[in-house]
Amino acid sequence: MSHTAHIRSHRKPRRSASKIAMRAGVAGGVLSTLAVAGASGSANAAEPVTQTLELPTLTADLSAQVAQSADVTQQAASSYELRAERDAAAAKAAKQAKADLAEAKKKAAEAKKKAEEAERKEAAERAARSAERTTLSASADTGTSSSSDSGTSTSTATDSAAAVVAFAQAQVGKAYVSGATGPSAYDCSGLVQAAFKQVGISLPRVSQDQSTAGTQVGLDSLQPGDILYWGGAGSAYHVGIYVGDGMFVGAQNSSTGVVQKTLDYDPPSGAVRVL
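A short tour of the structure in this document, coming up. (Residues numbered from 1 in each chain as written. Predicted model: local features only at pLDDT ≥ 70, side-chain atom pairs only at ≥ 80, totals over all residues. Heavy atoms only, no water.)

Of the two faces of strand β4 (residues 227-230), both are covered, the one formed by Ile-227 and Tyr-229 as well as the one formed by Leu-228 and Trp-230. With four bridges joining them, β4 and strand β5 (residues 238-244) adopt antiparallel strand pairing. Bridge pairing in β5 links Leu-228 to Gly-240. Taken together, the three bridges between β4 and strand β8 (residues 270-273) define a ladder with antiparallel strand orientation. Bridge pairing links Tyr-229 to Gly-270 in β8. (Buried < 20%, exposed > 50% of the residue type's maximum accessible area, 1.4 Å probe, protein only. Helix = DSSP H or I, 4+ residues; strand = E, 2+ residues; numbered from the N terminus. Pairing = 2+ DSSP bridges.)

Structure representation (structure tokens):
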């Protein structure tokens, strides 16, 4: 036995192989876990980085889209505003044009009325002068003087005849319409009836009856206010009014309307005197 055999060795006792393997396995497992966790952490950490890198691009595109949308909206608003202004201007112009047209029609109607009044007055004056000339001529031809009573009667008849003539001449230019009795249109007997109505004389409505409504007179001794007829007495197909100076007024037909013509234009068949 050695003299050192009772002394304990300073060397550490050797570990068994199983313990070494166990510890190696544990260490490997820990390292594997750390590696997986590290990889997972790296992946999770990388994702925000990727998103952070893409955000500026998405934000820039969105800003451009918003700006473009704002421009389109502004253009549409401007277009609507311009259209509204144009519509308002057109409506205002149409309203003004309508007002101007109404004013023009009003002035035209007033001018027409004044012209008709002036024409009627002038026609009455002409008829009065013509009737006066006819009366003086008839007195000169007979060479006789009437009494005061007959003079009064002649004056009244002359005034009535002048009124009939004046009315008839004032209707010249108006339309001929069968069956019409005025005031804008007449047929032949409607005009004669309306003219004598002005002096309070009611004549029959149709030409046949009007041709026998008074005293028959010769065409060579006509006086203003005499009724002219065409056809036979009692069967006349047309009538008119003698206005003096070889002229007559009549509602001839739909083509000519109411006209003033010479007797030669359409020679009558006969005449009757009502006044």
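Anyway, onward from the coordinates.
Moving on, we get to the environment of Asp-264. Note that Asp-264 resides in the loop between β7 (257-262) and β8. Looking at Asp-264, the relative accessible area reads 70%, which means it is exposed. Asp-264 sits 18 residues away from Gly-246 along the chain, and the two C-alpha atoms are 8.4 Å apart.

Pairing is antiparallel in the open sheet, where six strands are placed in the order β3-β8-β4-β5-β6-β7. Both outer strands of the open sheet, β3 (215-217) and β7, are each paired with one neighbouring strand and no more. Adjacent strand axes in the sheet meet at a mean angle of 35 degrees when their direction is disregarded. Along the sheet, helix α3 (residues 188-197) makes contact with β4, β5, β6 (247-253) and β7, crossing β5 at roughly 45 degrees. (Axes fitted to C-alpha atoms, helices over the stretch in contact; angles between N-to-C directions. Contact = heavy atoms within 4.5 Å.)

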